[in-house]
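Chain by chain, the residues:
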Amino acid sequence: MTIGIEMGQTRQGTVATLDLEELLSTRLLVQGNSGSGKSHLLRRLLEQSAPWVQQVVVDPEGDFVTLAERHGHLVIDAADHSEATLVRVADRVRRHRVSVVLNLDSVEVEAQLRCAAAFLGGLFDADRDAWSPVMVVVDEAQLFAPAMAGEASDEARRASLAAMTNLMCRGRKRGLAGVIATQRLAKLAKNVAAEASNFMMGRTFLDIDMARAADLLGMERRQAETFRDLERGHFVALGPALSRRPLAIQIGGVETASRSAGPQLVPPPAPASAEATREMILNSAEPEVARPAPRRAPRPPPSDIMMQLAQYQPPALHRSQAEAVELTAEQSEARQRQLDLILRQVLAGEDAAFRQASMLYQDFLVRLRIQEIEGPPDLAAFRRMLATARAGIAPEVAEGEAWQAVLARAEALPEDAQGVYLLLARTAMEGLPCPSDATLARAYGSHSLGRARRLLAWMEEQKAIVCRTERGGRRVVALVGLGWETAGGDPDGPVQDSVAA
Ligand SMILES: Nc1ncnc2c1ncn2[C@@H]1O[C@H](COP(=O)(O)OP(=O)(O)OP(=O)(O)O)[C@@H](O)[C@H]1O
Ligand SMILES: [Mg+2]
């Protein structure tokens, strides 16, 4: 029996179907930036397949509890149960073949990981006679299977990563079919992503995610560039349950509403004075504007924690404290100078501007060893030094309050956008002309001017910056919330070596 689930329409207007049986043995990975329509896609899949297969939804945002009314899913609120209970509940869910939504909305990040691990573990460890097929949908899968250590304790993270790995790598024999969605492939553990044979890729902005997507799909990077321009609700599908060749699909409608319904029109408040508005938007003290919109559930900070920089300390000092080795202020300053010098040597290397931080870090470590400098900064600390150095910031300035505010805002952006943001901030802080596209591309680690321009447009969309053009075509960039703006600069100018480190 083949069951074709109607997912939506192809460009030719034909029905795009998903082979449910095939999906159960080959799993699905959905990727797309925030707002690309992943949760909508999952909801469509769940609704259409509800009559055919048992479903378990791991729901970090409480988005899917509305499936209960129409399709009879049992909602399990994680906050009401201990982990041990959740293991037992999961076992019963399998035995009785009940479709459920595990709502993790009301518990803290770390408890979300623990509860998901317990529940998935219970599903996985069910007795053999209960191994009938279950579609296990995990939204925001990067929370549960992060590529890098995040804020949650190691133990919780390991438990949920192990459960996700079991689901995706070893679940098939036990009837578990993983369907996972993530905003950013680069943030999802590789082994978890690699076990899906079906993919649906939505709008993807960052190069690093695009590259991962291209690798997974076995596509040319250039072909994957098309993911950048996908509209909301449009996905490229590939895999045995979907299509043998990349197929563009527009996902169809849904019957139940998302609890987190999209933005609703609200009339703006009566205008305040221009001065007050300017103060509020450009000079607020709190770095709230560039951050992602607040969510109901507490969100983990970006896993790379490139900067826990509200309390930034020079890496050397940080390190010495961790090891309880007391360095005098003079010693630590001297050490910091040494590190800065070596970093500069690393950056002077050919093509250093286009090499990844992790590669440069290797180079940096070798040089430290040669110079017999002990207790090297870790990769996260190195990335901070690198971003600051690439932005051309002098070490004295880097520790100042103004720059700390910049770093706190940069933290809200994806790692590979931070260098460009810092460069713009420094240029603005010093009142210099806005860097050219070529200079920005270099800070982005790319040769492509188009990428640099798209990154600017994207940062503007995120409300991190505002760009405007002066007479004569010169570009000015203002930093939202910091109240600084660059002087007018020629976007088409050459690489400014004095600006980009
Ligand atoms: N195919 C579609 N047709 C109609 N509306 C859609 C479609 N896809 C998404 N939407 C709407 O767009 C908005 C964003 O979609 P959705 O919540 O699914 O995004 P998302 O990718 O899950 O984002 P996030 O990563 O932030 O959770 C929602 O209001 C949703 O209803
Ligand atoms: Mg979503």
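Here the structure is a predicted model, which means the values were calculated and not measured. (Residues numbered from 1 in each chain as written. Chains lettered and ligands numbered in written order. Predicted model: local features only at pLDDT ≥ 70, side-chain atom pairs only at ≥ 80, totals over all residues. Heavy atoms only, no water.)

Draft legend 1. Spotlight on the site of ligand 1. Taken together, 14 residues lie around ligand 1, and S34, G35, K38, S39 and H40 are the ones closest in. Between ligand 1 and G37 there is a distance of 3.0 Å, counted from an oxygen atom to a backbone nitrogen or oxygen. In this structure, an oxygen atom belonging to ligand 1 sits 2.8 Å away from a main-chain N or O atom of H40. Within the complex, 74% of the 630 Å² of free accessible area of ligand 1 lies under protein. Of the residues assigned to the shell around ligand 1, the class counts are one nonpolar, ten polar and three charged. (Near = heavy atom within 4 Å. Polar contact = N/O pair within 3.5 Å; in protein donor to acceptor, adjacent residues only side chain to side chain. Areas by Shrake-Rupley, 256 points an atom, 1.4 Å probe, with all protein chains shown as cover. Nonpolar A, V, L, I, M, F, W, Y, C, P; charged D, E, K, R; others polar.)

Draft legend 2. Inspection of the nonpolar core at higher detail. In this structure, F119, M164 and F227 are the most contacted members of the largest nonpolar core, which totals 54 residues. With nine residues, helix α5 (residues 109–124) is the largest single contributor of residues to this core. Every residue in contact with F227, bar those within four places of it in the chain, is listed here: M201, G202, R203, T204, M210, A213, L217, M219 and V236. One finds A391, Y421, A443 and Y444 within the second-largest nonpolar core, a separate group that totals 34 residues. (Core = buried A, V, L, I, M, F, W, Y, C linked by side-chain atoms within 4.5 Å. Buried < 20%, exposed > 50% of the residue type's maximum accessible area, 1.4 Å probe, protein only. Helix = DSSP H or I, 4+ residues; strand = E, 2+ residues; numbered from the N terminus. Contact = heavy atoms within 4.5 Å.)

Draft legend 3. Here's a closer look at the sheet that holds strand β13 (residues 475–479). The strand order across the open sheet formed by three strands is β12-β13-β14, and the pairing between neighbours is antiparallel. The open sheet has two edge strands, β12 (465–469) and β14 (484–485), and neither has a second partner. In terms of strand pairing, β13 meets β14 through two bridges, oriented antiparallel. Across the sheet, the residue bridging to A478 is E485, located in β14. The sheet contacts of helix α18 (residues 415–429) involve β12, β13 and β14, and relative to β13 the element is tilted by about 100 degrees. The sheet contacts of helix α20 (residues 449–461) involve β12 and β13, and relative to β12 the element is tilted by about 120 degrees. (Pairing = 2+ DSSP bridges. Axes fitted to C-alpha atoms, helices over the stretch in contact; angles between N-to-C directions.)

Draft legend 4. Region of the structure containing the packing of aromatic side chains. Tallying each qualifying case throughout the model produces three aromatic pairs. Aromatic side chains Y361 and F382 sit 5.1 Å apart centroid to centroid with 45 degrees between the ring planes, which places their arrangement in the tilted category. Taken together, the residues Y361 in helix α14 (residues 357–370) and F382 in helix α15 (residues 379–390) connect sequence positions 21 residues apart. Ring geometry for F364 against F382: centres 4.8 Å apart, planes inclined by 45 degrees, an arrangement best described as tilted. Of this pair, F364 sits in helix α14 while F382 sits in helix α15, placing them 18 residues apart in sequence. Taken as a pair, F364 and F382 share a single burial class, namely buried. Here the aromatic residues Y361, F364 and F382 are joined through ring pairs into a cluster of three or more. (Phe/Tyr/Trp six-rings, centres within 6.5 Å; stacked < 30°, edge-to-face > 60°.)

Draft legend 5. A look at the pairing of strand β7 (residues 134–138). Within β7, five of the five residues are buried, which leaves the element mostly enclosed by the surrounding structure. Residues V134, V136 and V138 point to one face of β7 and M135 and V137 to the other, with burial holding for every one of them. Here strand β4 (residues 54–59) pairs with β7 via five bridges, running parallel. Paired with Q55 across the two strands is M135, which belongs to β7.

Draft legend 6. Broad picture of unusual backbone geometry. Here the phi dihedral of R97 falls at roughly 55 degrees; this positive angle occurs in a residue that is not glycine. The phi torsion at E140 lies on the positive side, around 55 degrees, for a residue other than glycine. The residue E140 is located in the loop between β7 and α6 (141–144) in this model. Residue E140 is classed as buried on the basis of its relative accessible area of 7%.

Draft legend 7. The arrangement of the pairing of strand β10 (residues 234–239) in detail. Burial analysis of β10 places five of its six residues in the buried class, which makes it a mostly covered element. One ladder, built from three bridges, connects strand β9 (residues 198–201) with β10; its direction is antiparallel. Residue F199 lies in a different strand from β10, and its bridge partner there is L238. Across five bridges, the pairing between β10 and strand β11 (residues 243–251) is antiparallel. Among the inter-strand pairings, G239 is bridged to a residue of β11, identified as S243. Between β10 and β11, which pair antiparallel and follow one another directly, the connecting turn spans three residues.

Draft legend 8. Looking closely at the packing of α14 against α15. Between α14 and α15, the least distance of the axes is 10 Å, while the angle of their chain directions is 100 degrees. Classed by the angle they form, the pair α14 and α15 counts as roughly perpendicular. In contact with A357, S358, L360, Y361 and F364 of α14, α15 contributes L379, F382, R383, M385, L386 and R390. (Parallel < 35°, antiparallel > 145°, perpendicular 65-115°, else oblique.)

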